[in-house]
Amino acid sequence: MSAVKNIVLVHGGFVDGSGWQNVYRLLTQDGFHVSVVQNPTLSLEGDVAVTHRALDALDGPAVLVGHSYGGAVITEAGRHDAVAALVYIAAFAPDKDESVGSLVADPAPGAPVPPILPPVDGYLFLDRDKFAASFAGDLPAEDAAFLADAQVPWGLGAVGGTITEPAWRTKPSWYLVTTEDRMIPPPVQHQMAERAGATVAEADGSHAIYVSQPAAVADLIKQAAAHQAA
């Protein structure tokens, strides 16, 4: 059986799919067909539906990749028949009846707390002045400022959307832990990866690892695609 050639990339909260651009370039240069899902981030259900439409359009199996909140999306959407494997990039990997909101509700003592502002009209944003330090500490200041000013409103319905049955129970998964992450603490990433039975890799970088180190991200995705040929 040949390696999976379709890759579907799902972005997280506060950002859109444009951050995947360099990962996209690396994968397409290696012959992969890559789709980038643009989540509305209004509700988990809506984002799963958008992801399913991307999967429906493919002519073969795919590796489904999620960053941050996108991990919750792929955990729910990944039961789709076209999904051969899951890849979590500094991402949430909830279990049945869990949500991103429930996973972050009780942070460990001393863990960094993301600078999320109080909701306005049902949407969340990160404090612009603290965005770089918490989300993108290893990006050039101008790039981090752009991400901060280009934030996508993250709906409370997406944050609170619960998983009905996690795809990682039946699909093989990979997880890239980011050791300098100040959005999802590295120990929490390790715990979720272990629970999911994921193959784990580490990278010394921020939550924006998919922007700052696209090669490390693309390499793990290619590992997942190649594994399906075994």
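Residues numbered from 1 in each chain as written. Predicted model: local features only at pLDDT ≥ 70, side-chain atom pairs only at ≥ 80, totals over all residues. Heavy atoms only, no water.

Draft legend 1. Local environment of the overall build of the protein chain. When you go through the protein chain residue by residue, the secondary structure sums to ten helices and eight strands. Rg of the C-alpha trace for the protein chain: 16 Å, near the compact-globule value of 17 Å for 230 residues, within the 12% margin. Taken along the three principal axes of its C-alpha coordinates, the protein chain extends 50 × 35 × 30 Å. The 230 residues of the protein chain split such that 52% are buried. For the protein chain, the proportion of contacts with a sequence separation of at least 24, taken over those separated by at least 6, is 72%. On the protein chain, roughly 9,800 Å² of surface is accessible, and the fraction owed to carbon and sulfur atoms is 54%. (Helix = DSSP H or I, 4+ residues; strand = E, 2+ residues; numbered from the N terminus. Rg over C-alpha atoms; globule rule 2.2 N^0.38 Å. Buried < 20%, exposed > 50% of the residue type's maximum accessible area, 1.4 Å probe, protein only. Contact = heavy atoms within 4.5 Å. Areas by Shrake-Rupley, 256 points an atom, 1.4 Å probe, with all protein chains shown as cover.)

Draft legend 2. Broad picture of the environment of Lys96. Structurally, Lys96 is set in the loop between β4 (83–89) and α4 (100–103). Take Lys96: its relative accessible area is 43%, and that puts it in the partly exposed class. For the pair Lys96 and His227, spaced 131 residues apart in sequence, the C-alpha to C-alpha distance is 26 Å. Setting aside its immediate chain neighbours within four residues, Lys96 contacts Ile163, Thr164, Glu165 and Pro166. A polar contact of 3.0 Å, which involves the side chain of Lys96, links it to the backbone oxygen of Thr164. (Polar contact = N/O pair within 3.5 Å; in protein donor to acceptor, adjacent residues only side chain to side chain.)

Draft legend 3. Structural context of the packing of helix α1 (residues 21–29) against helix α10 (residues 214–227). α10 packs onto α1 with a crossing angle of 50 degrees between their chain directions and a minimal axis gap of 9 Å. Our classification of the angle between α1 and α10 gives oblique. Crossing geometry of α1 relative to α10 is assigned as right-handed. Along the contact surface, α1 presents Asn22, Val23, Leu26 and Leu27, while α10 presents Pro214, Ala215, Val217, Ala218, Ile221 and Lys222. (Axes fitted to C-alpha atoms, helices over the stretch in contact; angles between N-to-C directions. Parallel < 35°, antiparallel > 145°, perpendicular 65-115°, else oblique. Left-handed = near helix turned anticlockwise from the far one by under 90°.)

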